[in-house]
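# Structural characterization, general
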Amino acid sequence: MSVAGLRKQLHKASQLFSEKINGVEGTKHDEDFLEMERKMEVTHKGLADLQSRTTEYLQPNPASRAKLNMLNTVSKVRGQVKSTGYPQTEGLLGDCMIRHGYQLGADSAFGGALVDVGEAMQQMGDLKDSLDIKVKEKFIDPLQSLQDNELKEITHHLKKLEGRRLDFDYKKKRQGKIPDEEIRLASEKFEESKELAERSMFYFLENQVEQLSQLSGLVQAALAFHQQSSEVLRELSRKLQKWISTASSRPRREFKSKRSSVERLDGGQRGSLSRCSLKSSGTPSGGSPAVLTVPGKPGHMTPAPLAWPESPPNIVGFQAEGEEPDQPCCRALYDFDPENAGELSFREGDTIILANQLDQNCNSGRSGGTQSE
């Protein structure tokens, strides 16, 4: 910087200090100029805030925006042209639904409905991507261009005007000590800068058709997005109603128990309990449920020595006429004396009524002629 330039900067700093600290009054602008300057400041701040708020509207997740900015920066450093788009929440939800829908299978009405909803969500994500592109092209980019060109130029004129005003006021205050010619040149430069700033602000504020068109572009893009989304959702609603009707019209299937047990009394396959008709007067006195197991090798438990009789024999204490209880039962192959608490004592040929199956090799039952310990 030259000596003259350094001296001018010192003069400006001195004048600014005098105005801020000592209360020295500087040259006043007219009311029209001040009003235009105020409007320009409001416009400048409003456009910057509007861009930020619009970006948040398009992508509410700040972490995703930060990740996108980082990826775009890396792409620029590497010289890659393709940019990474926002991970739309609709698309992520759609991928999740489709994956789980296919996992449920084609025979599941809920799985098929999940696939349809997931595909609709993916379409919504694509529409959101289209909205991002249109708003960026028709609204955000024009606003950025406006800031980078016209507003930047106006800001430059205002900053230059303020500097020349400070220089002019400093020299005017020291009239007599500074040559009149120098004061006159400072005044001319100040008036020139004021006219340039005033002219640029005037034309900017008068020509608002461009800004209105950009705002209309934002609204039109949002309207197209919501109309297309509405069509997708209406079609999805019709599909879901069909799925509901299909699921409602399917015949109900009865539940069939697959409980396993011992061999059937009629000599059938193992795996289902059959019923035998016994003449009985009711529950045997003294009969009690017990675990039907017998000890085998040391440390092992083997199935009880039971077999199904070819025909339902009479049970001691159950020989009353007129009643035929329907209960699963089995016949002992040989005698067994209990060795542990809770085991049932029985003799060869005794018939034992089964209460329930505890596991593959163990049942609970009772015998009318034998007491459990």
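Residues numbered from 1 in each chain as written. Predicted model: local features only at pLDDT ≥ 70, side-chain atom pairs only at ≥ 80, totals over all residues. Heavy atoms only, no water.

The name an unreviewed UniProt entry gives the chain is SH3 domain-containing protein, with Oryzias javanicus as the organism. According to its UniProt record, the chain has this under Sequence similarities (unreviewed entry): "Belongs to the endophilin family." (UniProt positions renumbered as here; feature names shortened; annotations may be inferred.)

### Examining the overall build of the chain
When you go through the chain residue by residue, the secondary structure sums to seven helices and nine strands. Taking all 373 residues of the chain together, 35% fall into the buried category. Of the contacts formed within the chain by residues at least 6 apart in sequence, a portion of 70% connects residues at least 24 apart. Of the accessible surface of the chain, which amounts to about 24,300 Å², a share of 52% is contributed by carbon and sulfur atoms. (Helix = DSSP H or I, 4+ residues; strand = E, 2+ residues; numbered from the N terminus. Buried < 20%, exposed > 50% of the residue type's maximum accessible area, 1.4 Å probe, protein only. Contact = heavy atoms within 4.5 Å. Areas by Shrake-Rupley, 256 points an atom, 1.4 Å probe, with all protein chains shown as cover.)

### Things to note about empty space enclosed by the protein
If you walk through the whole model with that rule in mind, you get one cavity of 30 Å³ or more. Lining the largest cavity are Leu127, Ser130, Leu131, Lys134, Ala221, Ala224, Phe225 and Gln228. Sorting the residues of the lining of the largest cavity by element identifies helix H5 (109–173) and helix H7 (209–249) as the ones contributing at least two each. Looking at the lining of the largest cavity, its residues break down into five nonpolar, two polar and one charged. (1 Å grid on protein atoms, 1.4 Å probe; cavity = no way out; pocket = protein on both sides within 12 Å on 5 of 7 lines; lining within 4 Å. Points joined across faces, edges and corners; volume = space filled by probe spheres on them. Nonpolar A, V, L, I, M, F, W, Y, C, P; charged D, E, K, R; others polar.)

### What to know about the packing of aromatic side chains
Counted by the stated rule, this structure contains three aromatic pairs. Consider the rings of Phe168 and Phe190, whose centres lie 5.8 Å apart with planes at 5 degrees: the pair is stacked. Placement of Phe168 in helix H5 and of Phe190 in helix H6 (residues 180–206) is noted, with a sequence separation of 22 residues between them. With respect to burial, Phe168 and Phe190 carry one shared label: buried. With 5.7 Å between their ring centres and 35 degrees between their planes, Phe336 and Phe346 make a pair best called tilted. Highlighted residues: Phe336 in the loop between strand S7 (329–332) and strand S8 (351–359) and Phe346 in the loop between S7 and S8, separated in sequence by 10 residues. (Phe/Tyr/Trp six-rings, centres within 6.5 Å; stacked < 30°, edge-to-face > 60°.)

### Details of the pattern of salt bridges
If you walk through the whole model with that rule in mind, you get 15 salt bridges. Put simply, Arg199 and Glu195 hold a salt bridge, and the shortest N to O gap is 2.8 Å. Taken together, the positions of Arg199 and Glu195, both in helix H6 and four residues apart, correspond to about one turn of that helix. Classification of Glu195 as partly exposed rests on a relative accessible area of 44%. Across the salt bridge formed by Glu235 and Arg238, the nearest N and O atoms sit 2.5 Å from each other. (Salt bridge = Lys/Arg side-chain N within 4 Å of Asp/Glu carboxyl O.)

### So, the environment of Leu47
Take Leu47: it is sitting in helix H2 (residues 31–58). Assessed through its relative accessible area of 10%, Leu47 is described here as buried. For the pair Leu47 and Gln147, spaced 100 residues apart in sequence, the C-alpha to C-alpha distance is 8.1 Å. When near neighbours in sequence (up to four residues on either side) are disregarded, Leu47 contacts Leu143, Leu146, Gln147 and Leu151.

### Here's the deal with H5
The terminal C-alpha atoms of H5, which comprises 65 residues, lie 89 Å apart, in line with the 96 Å expected from a rise of 1.5 Å per residue. For H5, the principal kink sits at Lys136 and spans about 45 degrees. (Expected span 1.5 Å × (residues − 1). Bend = angle between axes of the 7 residues up to and from the residue.)

### Thoughts on the nonpolar core
Counting 37 residues, the largest nonpolar core has Met40, Val135, Met201 and Phe204 as the members making the most contacts within it. If you list the elements that add at least two residues to this core, you get H2, H5, H6 and H7. The dominant element in this core, judged by the number of residues it contributes, is H5, at 18 residues. With seven residues, the next largest nonpolar core counts Cys330, Phe346, Ile352 and Leu354 among its residues. (Core = buried A, V, L, I, M, F, W, Y, C linked by side-chain atoms within 4.5 Å.)

### Some points on the packing of H5 against H6
The interhelical angle for the contact between H5 and H6, taken along N-to-C directions, is 155 degrees, at an axis separation of 8 Å. With respect to their mutual orientation, H5 and H6 come out roughly antiparallel. As H5 packs across H6, the resulting crossing turns out to be left-handed. (Axes fitted to C-alpha atoms, helices over the stretch in contact; angles between N-to-C directions. Parallel < 35°, antiparallel > 145°, perpendicular 65-115°, else oblique. Left-handed = near helix turned anticlockwise from the far one by under 90°.)

### Topic: the packing of helix H4 (residues 89–104) against H5
One way to put it is that H4 packs onto H5 with a least axis distance of 7 Å and a crossing angle of 160 degrees. Considering their axes alone, H4 and H5 lie roughly antiparallel with respect to each other. Our pair here, H4 against H5, has a crossing hand that is left-handed. Here Glu90, Gly91, Leu93, Gly94, Asp95, Met97, Ile98, His100, Gly101, Tyr102 and Leu104 of H4 lie close against H5, whose contacting residues are Phe110, Gly111, Leu114, Val115, Val117, Gly118, Glu119, Met121, Gln122, Met124, Gly125 and Lys128.

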